[in-house]
Amino acid sequence: MAPRNVQLDAVSKALLPVVRHFLNAFLRPDTQGWRYAFAAASGTWGEARGLSIAHDTQKFLETILRSRPVPLTYCDPLDIDVSEHLTADEVDVLSLIAAMRADRTPQAREILASLTGGHIPPRIVEQGLSLAARLDPDTNKRRPPKRPLLAVVRL
């Protein structure tokens, strides 16, 4: 399938190299693309958040691949000439995650059915929603720890 040019939102654009490296790792294990995927995610989102995003992405893609009769098509993550292009499968995967992040259920169902040949595996939905939640910046904010109050005690 010929690569095509598509506009992505910032989160999808950041997730694209992680997706490509994992697809490379699944479909060509000799590349050890998983190392690049985890490194790309850590470089983008920081170590703790990036590693959890990479882990969820890996589980999500593995489940999609197991639910399809044919592998997903993807652009080589190390080929600079195609870095700005996307295959139809990459568009579908990133659009599915974006629809889940935006809570657009009908659109997500349609894309998922397209990816899996007409059925909607609950495991993919569960993993996709988990990944979408990790990608949402609001879910990763923590309150700063309260500073201890120091008091002078006189005896």
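What counts, and at which threshold
- Residues numbered from 1 in each chain as written.
- Predicted model: local features only at pLDDT ≥ 70, side-chain atom pairs only at ≥ 80, totals over all residues.
- Heavy atoms only, no water.
- Axes fitted to C-alpha atoms, helices over the stretch in contact; angles between N-to-C directions.
- Helix = DSSP H or I, 4+ residues; strand = E, 2+ residues; numbered from the N terminus.
- Parallel < 35°, antiparallel > 145°, perpendicular 65-115°, else oblique.
- Left-handed = near helix turned anticlockwise from the far one by under 90°.
- Contact = heavy atoms within 4.5 Å.
- Nonpolar A, V, L, I, M, F, W, Y, C, P; charged D, E, K, R; others polar.
- Buried < 20%, exposed > 50% of the residue type's maximum accessible area, 1.4 Å probe, protein only.
- Salt bridge = Lys/Arg side-chain N within 4 Å of Asp/Glu carboxyl O.
- Polar contact = N/O pair within 3.5 Å; in protein donor to acceptor, adjacent residues only side chain to side chain.

Visitor: Would you take a moment to explain the packing of helix α2 (residues 33–45) against helix α3 (residues 47–66) for this structure?
Guide: Helix-helix packing is described using two parameters, namely the angle between the two axes and the distance between the axes. Between α2 and α3, the least distance of the axes is 7 Å, while the angle of their chain directions is 140°. In terms of orientation, α2 lies oblique with respect to α3. Judged by the twist between their axes, the crossing of α2 over α3 is right-handed. Residues Ala37, Phe38, Ala41, Ser42 and Trp45 of α2 touch α3, and the partners they reach there are Glu47, Arg49, Gly50, Leu51, Ile53, Ala54, His55 and Gln58. A breakdown of the residues in the contact of α2 with α3 according to their chemical character gives 7 nonpolar, 4 polar and 2 charged.

Visitor: What is the right way to look at the side chain of His21 in this model?
Guide: Residue position: His21 is located in helix α1 (residues 10–27). The buried category is assigned to His21, whose relative accessible area is 7%. Apart from the residues within four sequence positions on either side, His21 is in contact with Gly33, Trp34, Tyr36, Ala37, Pro77 and Leu78.

Visitor: What exactly am I supposed to notice about the pattern of salt bridges here?
Guide: Side chains that carry opposite charge are capable of pairing whenever their charged atoms lie near each other. Taken as a whole and judged by the stated rule, the model has 7 salt bridges. The residue Arg134 makes a salt bridge to Asp56 at a minimum N-O spacing of 2.8 Å. Placement of Arg134 in helix α6 (residues 122–135) and of Asp56 in helix α3 is noted, with a sequence separation of 78 residues between them. In this structure Arg134 comes out as partly exposed when scored by relative accessible area, which is 33%.

Visitor: For this particular structure, what's the right way to read the side chain of Ser67?
Guide: Relative to the helices and strands, Ser67 resides in the loop between α3 and α4 (88–101). A distance of 2.9 Å separates the side chain of Ser67 from the backbone oxygen of Thr63, its partner in a polar contact. Setting aside residues up to four positions removed in sequence, Ser67 forms contacts with Thr116, His119, Pro121 and Ile124.

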